[in-house]
Amino acid sequence: MLSFALTILLDGISYGMVLFIISVGLTVTMGLMRVVNLAHGSFAMIGGYVAGYFTQRGMNFYAALLFAALVPGILGALAEMTIYRPLYRKGELAQVLLTIGLVFVATAAITEIFGAFPYAVQFPDYLTRPIDIGFRTYPAYRLFLILVGAIIAAVLWIVIEGSVFGARLRAAVDNPRMARAVGMNVNLLFTGTFAIGCALAGLGGAIGAGVMSLEPSYALKYVVLFLVVVIVGGEGSFKGSFVAAMALGLIDTLGKYFFAQAAPYMLYGVVFILLLWRPQGLLPPKSAA
Amino acid sequence: MMTTSTPAHTPPATGLGNLSLGTPLSLVGHALPWAIAIAFFFVAEGYLSLGTQIMIWILFALSLDLALGYAGIVTLGHAAFFGLGAYAAGIFSIHVSSDPLLGHLFAIGTAALFGLVTGAMILHTTGVTFLMLTLAIVSVMFEFGNQARWLTGGDDGLQGIKIDPIFGIFEFNLFGQTAYVYTGVVLFLWFVIAWRVVHSPFGRSLDGIRQNARRMRAIGTPVWWRLLAIYTLSGAMAGSAGALSAHSTRFVGLSVLSLLTSGIVTVMLILGGTRRLYGAFIGAAIYYLVQDSTAKISPYFWEFIVGGMLIATVLFLEGGLMDLGRVFRNLVDRVRKPKADAP
């Protein structure tokens, strides 16, 4: 019984880690730039396809991951400078529309290049085998997800809480106008943050391909989930998105084990109730509270 | 096919869509889309089912214009109403009665009730939270439609829809004449309702709410009730479009409840122009023409084009195609007196 509970816990956490890696960029960009970015899932999808393309041609897995982060990162920086920047001054509707347009474009392009069928990332052999973790054997892949997620969360934590870049970021999230007034190059900060967020999304899409399968509808299918993480955690709240990602990962896993029929309702139902109860999210940043 | 008419009835820059019926020019503008619809019936006999589809989507986009365009309710969950209407009409015809009008009314009622209930739950929120709630609703609906195979047929779609002739006389035939006329009449009725609503004091108050809800509340407008009313009406209209779709094709696919459906109807509306009512007409027609011609090049190319059109519309043509005339005039003005434009 205990080992079963631990299995669910590990499954939930590993899934939550993927959600976190992909969504953390979104939470920062939505908090910082106040842009409803529905296209974030497209960057994760591109990262996944890049990793899949290279690993299927025999490239080293970790080298492929590097590309999976670099390509969406560069695309993200370009998109921020050209397409997203005019959006900051416009309303939510324009933002929703334009980013949905980006999703359509990305989906069509991926279908055209890679076909409409699911696409696989070749994981190294040692990740595809189960390993002994004391009380039972468990897929090494899931443990790898938890490890990578924990490392990324720790690094982000140190950067955001401890570095000058992090201090600037937090300042700009709390009050962009003031940040500009004291002489920060907010434009550069925006581009950099957006690019890093997209790179992380690409990385998450690549390593998470085992739990969220790659297909052209990926961008549209999962973006709701990523947005849920952001909104539930509170826009711009780094800690909040971590908590929300873990919670959603666990809820979804619990649902799949115990109420296979009702799992999707459970996830959306919880989100629905939570948003009605706390429209600002679980842990909103101070300025939004 | 209707773009040529745009400059003729482009309203002034106030964006209130206040075409008066008075001037001869605007009368021509008003008659044009309906004249085209009637002419289409006689000229394009082989394409009537396409025409029916276009009119159904016009109605759907029109319903979105009420909520999103006029009242400023930014939703991505409108597919829930369309899908609910379609399934309600289909299921009603299989299990209860195959009378098309009864089924249609049932679908409208179901969608309206759904709009009332969900609207009452979520309309006090705004912005991204509201958007997420609408996404959650439409996602739950999709999952339900997928899993309740006994009721909806799951991802095989709802099959076996039977419908009697309208009034016992006009049979839904293979060539789709009945469906075309029926859809056209329903669209016209809804258009008249929408027109009246938009130009009523109630419609004006929606305009105010969109521009500044707080101020409207301060002058005593019951904002929440107004939003709920238009959300319900808009839901009923979308449900009606869904019912027409179910009746005319005698099939309901699960995709009617997908996010893509919400996306497509929004594209149509934005492309045509919001707060114009006729924007829905142009948007839906252009969308279908583009989809039809680009899908021949590659089955996925149309999605690429639609996405591109959406991006371009937001970046360069905020008022949609209905705004082309004004954009053009501005351009001419700017060329004529470039200095006046400097900030």
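Computed from a predicted structure; not experimentally measured.

Peer 1: Account for the overall build of chain B, naming residues and giving values.
Peer 2: Helix and strand counts for chain B stand at 14 helices and zero strands. Moving toward the C terminus, one meets the helices and strands of chain B in the order α-α-α-α-α-α-α-α-α-α-α-α-α-α. By the compact-globule yardstick of 20 Å for 343 residues, chain B fits well, its C-alpha radius of gyration being 20 Å. Along the three orthogonal principal directions, the C-alpha set of chain B runs to about 70 × 50 × 40 Å. For chain B, with 343 residues in total, the buried portion stands at 50%. Taking as baseline every contact in chain B between residues at least 6 positions apart, the subset at least 24 positions apart corresponds to 76%.

Peer 1: Give a description of the overall build of chain A that names residues and reports values.
Peer 2: When its secondary structure is counted, chain A shows twelve helices and two strands. Along the chain direction, N to C, the helices and strands of chain A fall in the order α-α-α-α-α-β-β-α-α-α-α-α-α-α. Computed over the C-alpha atoms, the radius of gyration of chain A is 19 Å, within 12% of the 19 Å expected from 2.2 N^0.38 for a compact globule of 289 residues. Along the first, second and third principal axes, the C-alpha atoms of chain A reach 55 × 45 × 35 Å. The proportion of buried residues among the 289 residues of chain A is 50%.

Peer 1: Account for the packing of helix 3 (residues 79-95) of chain B against helix 4 (residues 100-122) of chain B, naming residues and giving values.
Peer 2: Any two packed helices are characterised by how steeply their axes cross, that is the angle between the axes, and by the distance between the axes. Residues and elements named next belong to chain B. Viewed as axis vectors pointing N to C, helix 3 and helix 4 meet at an angle of 140°, and their least axial separation amounts to 8 Å. Judged on the interaxial angle alone, helix 4 and helix 3 are oblique. Two packed elements cross with a definite hand, and for helix 3 against helix 4 that hand is right-handed. Counted together, Phe81, Leu84, Gly85, Ala88, Ala89, Phe92 and Ser93 of helix 3 and Gly103, His104, Phe106, Ala107, Thr110, Ala111, Phe114 and Gly115 of helix 4 form the full contact between these two elements. A per-class count over the contact of helix 3 with helix 4 returns nine nonpolar, six polar and no charged.

Peer 1: Which residues make up the nonpolar core, and what are the values?
Peer 2: Residue and element names in this part refer to chain B. Counting 200 residues, the largest nonpolar core has Ile58, Leu59, Ala61 and Met268 as the members making the most contacts within it. The element contributing the most residues to this core is helix 2 (residues 48-70), with 15 residues. Setting aside its immediate chain neighbours within four residues, Met268 contacts Trp57, Ala61, Ala280, Gly283, Ala284 and Tyr287.

Peer 1: Now, about the environment of Tyr49(A): what can you tell me, with residues and values included?
Peer 2: Residue and element names in this part refer to chain A. Here Tyr49 lies in helix 2 (residues 40-56). A sequence separation of 61 residues divides Tyr49 from Ile110, and the C-alpha atoms of the two residues are 8.3 Å apart. Ignoring anything within four residues of it in the chain, the contact list for Tyr49 reads Ile110, Phe114, Tyr119 and Leu214.

Peer 1: Hey, could you go over the interface of chain A and chain B for me, with residue numbers and the actual values?
Peer 2: Tallying the contact residues gives 33 residues for chain A and 33 residues for chain B. The element that contributes the greatest number of residues to the side of chain A that touches chain B is helix 4 (residues 92-114) of chain A, accounting for 16 residues. Residues of the side of chain A that touches chain B, tallied by class, amount to 27 nonpolar, four polar and two charged.

Peer 1: Run through the environment of Ala247(A), naming residues and quoting values.
Peer 2: All names here are of chain A. Locating Ala247 in the fold gives a position in helix 11 (residues 238-258). Given 19 C-beta atoms within a 10 Å radius, Ala247 is considered partly exposed. Counting along the chain gives 81 residues from Ala247 to Gly166, while the straight-line C-alpha distance between them is 25 Å.

Peer 1: Hey, could you go over unusual backbone geometry for me, with residue numbers and the actual values?
Peer 2: Residues and elements named next belong to chain B. In this model, Arg275 sits at a positive phi of 55°, which is unusual for a non-glycine residue. Note that Arg275 resides in the loop between helix 11 (259-272) and helix 12 (278-295). In this structure, Leu277 takes a positive phi of about 65° despite not being glycine. With respect to the helices, strands and loops of the structure, Leu277 is situated in the loop between helix 11 and helix 12.

Peer 1: Could you give me a rundown of the packing of helix 4 of chain A against helix 13 (residues 301-316) of chain B, with the residues and numbers involved?
Peer 2: Running from N to C, helix 4 of chain A and helix 13 of chain B point in directions that differ by 155°, and their axes come no closer than 7 Å. The orientation of helix 4 of chain A with respect to helix 13 of chain B, classified from their angle, is roughly antiparallel. Crossing angle aside, the handedness with which helix 4 of chain A passes helix 13 of chain B is left-handed. Contact residues: Ala94(A), Leu97(A), Leu98(A), Ile100(A), Gly101(A), Leu102(A), Phe104(A), Val105(A), Thr107(A), Ala108(A) and Ala109(A) in helix 4 of chain A; Phe301(B), Glu303(B), Phe304(B), Val306(B), Gly307(B), Gly308(B), Leu310(B), Ile311(B) and Val314(B) in helix 13 of chain B.

Peer 1: Please give an account of the environment of Ala94(A) that cites residues and values.
Peer 2: Looking at where Ala94(A) falls in the secondary structure, it is placed in helix 4. Separated by 58 residues in the primary sequence, Ala94(A) and Val36(A) place their C-alpha atoms 9.3 Å from one another. Not counting the four nearest positions on each side in its chain, Ala94(A) is found in contact with Leu87(A) and Val314(B).

Peer 1: Give a description of helix 4 of chain A that names residues and reports values.
Peer 2: All names here are of chain A. For helix 4, with 23 residues, the first-to-last C-alpha span of 32 Å sits near the 33 Å given by 1.5 Å per residue. Burial analysis of helix 4 places 18 of its 23 residues in the buried class, the great majority of the element. Two residues or fewer past helix 4, Gly115 is found with a positive phi of approximately 90°.

Peer 1: If you had to explain the confidence of the model for chain B to someone new, which residues and values would you point to?
Peer 2: In low-pLDDT regions, the fine details of the predicted coordinates are not to be read closely. Residues and elements named next belong to chain B. With 90% of its residues at a pLDDT of 70 or more, chain B shows a mean pLDDT of 84. Of the regions scoring below 50 in pLDDT, residues 1-19 engages in 37 contacts with residues more than four places distant in sequence or in other chains. As scored by the predictor, the complex reaches a pTM of 0.83 and an ipTM of 0.79.

Cut-offs applied
Here the residue numbers are simple positions, counted from 1 along each chain's written sequence. Chain letters and ligand numbers both follow the written order, the letters beginning at A and the numbers at 1. With the structure being a predicted model, the display of local features is reserved for residues of pLDDT at least 70 and the display and counting of side-chain atom pairs for 80 or more, all residues being used for whole-chain, interface and lining totals. Strands are runs of DSSP state E lasting at least 2 residues, helices are runs of H or I lasting at least 4, and numbering of each runs from the N terminus. Two things to know: the radius of gyration comes from C-alpha atoms, and the globule rule equals 2.2 Å times the number of residues to the power 0.38. Using C-beta atoms placed from the backbone, we call a residue buried if 20 or more other C-beta atoms fall within 10 Å of its own, exposed if 12 or fewer do, and partly exposed for counts in between. Contact between two residues is assigned when their C-beta atoms, built from the backbone, lie within 7 Å. To get an axis, a line is fitted to the C-alpha atoms, and for a helix only the part in contact is used. The angle between two axes follows their N-to-C directions and goes from 0 to 180 degrees. Here is the rule for angles: anything less than 35 degrees is roughly parallel, anything more than 145 is roughly antiparallel, 65 through 115 is roughly perpendicular, and the remaining ranges are oblique. Each crossing gets its handedness from the near helix: less than a right angle anticlockwise from the far helix is left-handed, clockwise is right-handed. In the scheme used here, Gly and all other residues not listed as nonpolar or charged are polar, with Ala, Val, Leu, Ile, Met, Phe, Trp, Tyr, Cys and Pro taken as nonpolar and Asp, Glu, Lys and Arg as charged. As used here, a nonpolar core is made of buried Ala, Val, Leu, Ile, Met, Phe, Trp, Tyr and Cys residues. They are joined through C-beta atoms within 7 Å. The span expected for a helix works out to 1.5 Å for each residue beyond the first. One number per residue, pLDDT, summarises how confident the predictor is, and it ranges from 0 to 100.

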